[in-house]
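# Structural overview for review
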Amino acid sequence: MSVVVVGSFNVDHVWRCQTLPAPGATLSGQYATGPGGKGFNQAVAAARAGAQVAFVCALGDDVGGLLARDLARADGIDLQAEASAEPTGTAGIYVDARGRNTIVIGAGANAALDAAFVQTHQSRIAQAAVLLAQLESPPDAIETALSLAREAGATTLLNPAPANATSTIAALSCTDVLTPNETEFAALLSRHVGERVEADDVAANDGASLHALCRKLLPQGTVVITLGAVGAFVSHADDQLRGDAQPHYRIAAEPAQAIDTTGAGDAFNGALAASLAQRPQAAFGEHVRFANRYAAASTEQIGAAAAMPKMAPEAG
């Protein structure tokens, strides 16, 4: 496999309304349902960006579990699911007229993904060019996946999302590329470095200051802070520039006619993993630029996994 994704699958329940609900409010909206979960979204993105993908997850014995298997088969994803007595994960999503969203997760089977089950897929992980994980699954399962990939020499990519999830030093120590958004970056700094930075202020920091914070957080790896409409900030360890000419820089966002930002971060991560796996000779900045383009395109469609475009990295 060129990419192995370890993570979550959810059945998304989505309401589109003019404004996001306030406490006590009852709004009218349009309802839709479809596949989601950060792990599955990222697996679909990686597959539609041209990578050969395996997805390791936990599913309930229910309609949601059947949906996951059918959809994975349709995208050529090698789905390996631990059977759980819990229901398949769910998410309630509200999207306003500007494309902004709020999300509530019901973890269900996702919370039952076991480190021992991940261990049984050591051979798959050992054959991967890139291991991609998030934080919607139990920490010991994610640590095991990252550790197995590190031992095998794969590039380990951790998307530390959602921001309120538990992240561990063990997981960070096995991470080659860390991809927080502003909120996740601020949470990681507070939790692991003891630095207090407001999420709304992250993008406004100068490059040298952001780079210094990234080096404190992940001394021997690469940090990519995704900044939404502002683009992305990249910070490398000084001796690990990954083909780039400088240790830190910004990349502008790609233009898009956004109608739904749900899953845009997942689109970025799946596309980044696919590009890293398929073009190992390319400079890291080229991979980030492709991921930016891919994420921008995903916002022009409604949905999460369903909105991932078919768009391969350029050869070179």
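In this report, we go over the structure that sits alongside the text. (Residues numbered from 1 in each chain as written. Predicted model: local features only at pLDDT ≥ 70, side-chain atom pairs only at ≥ 80, totals over all residues. Heavy atoms only, no water.)

## Observations concerning the pairing of strand β9 (residues 155–158)
In the sheet, strand β8 (residues 130–133) pairs with β9 via four bridges, with the strands oriented parallel. Across the sheet, the residue bridging to Leu132 is Leu157, located in β9. In terms of handedness, the path from β8 via helix α5 (residues 139–152) over to β9 forms a crossover that is right-handed. In the sheet, β9 pairs with strand β10 (residues 177–178) via two bridges, with the strands oriented parallel. Residue Leu157 lies in a different strand from β10, and its bridge partner there is Val177. (Pairing = 2+ DSSP bridges. Helix = DSSP H or I, 4+ residues; strand = E, 2+ residues; numbered from the N terminus. Right-handed = clockwise from strand over helix to strand, strands pointing away.)

## Observations concerning the side chain of Gln80
With respect to the secondary-structure elements, Gln80 resides in strand β5 (residues 78–84). Only 2.8 Å separates the side chain of Gln80 from the side chain of Asp78, close enough to count as a polar contact. Dropping the residues within four chain positions of it, Gln80 is found in contact with Phe55, Val56, Cys57, Phe117, His121 and Arg124. (Polar contact = N/O pair within 3.5 Å; in protein donor to acceptor, adjacent residues only side chain to side chain. Contact = heavy atoms within 4.5 Å.)

## Looking at the sheet that holds strand β4 (residues 53–60)
Judged by pairing direction, the sheet is mixed, and its nine strands sit side by side in the order β5-β4-β1-β8-β9-β10-β11-β12-β13 without closing on themselves. A strand with exactly one partner marks an edge of an open sheet, and here the two such strands are β5 and β13 (248–251). For strand β1 (residues 3–6) and β8, the ladder comprises four bridges, and the chain directions are parallel. The partner of Val4 across the bridge, within β8, is Leu131. Contacts from α5 reach β1, β8 and β9 within the one sheet, and its direction differs from that of β9 by about 155°. (Axes fitted to C-alpha atoms, helices over the stretch in contact; angles between N-to-C directions.)

## Section: the pattern of salt bridges
In the structure shown here, the tally under the stated rule is nine salt bridges. Between Lys216 and Glu195 there is a salt bridge whose closest N-O contact spans 2.6 Å. With a gap of 21 residues between them, Lys216 in helix α8 (residues 207–217) and Glu195 in the loop between α7 (182–193) and α8 connect regions that are remote in the sequence. Since its relative accessible area comes to 48%, Lys216 is described here as partly exposed. Glu195 gets classed as partly exposed once you look at its relative accessible area, which sits at 25%. (Salt bridge = Lys/Arg side-chain N within 4 Å of Asp/Glu carboxyl O. Buried < 20%, exposed > 50% of the residue type's maximum accessible area, 1.4 Å probe, protein only.)

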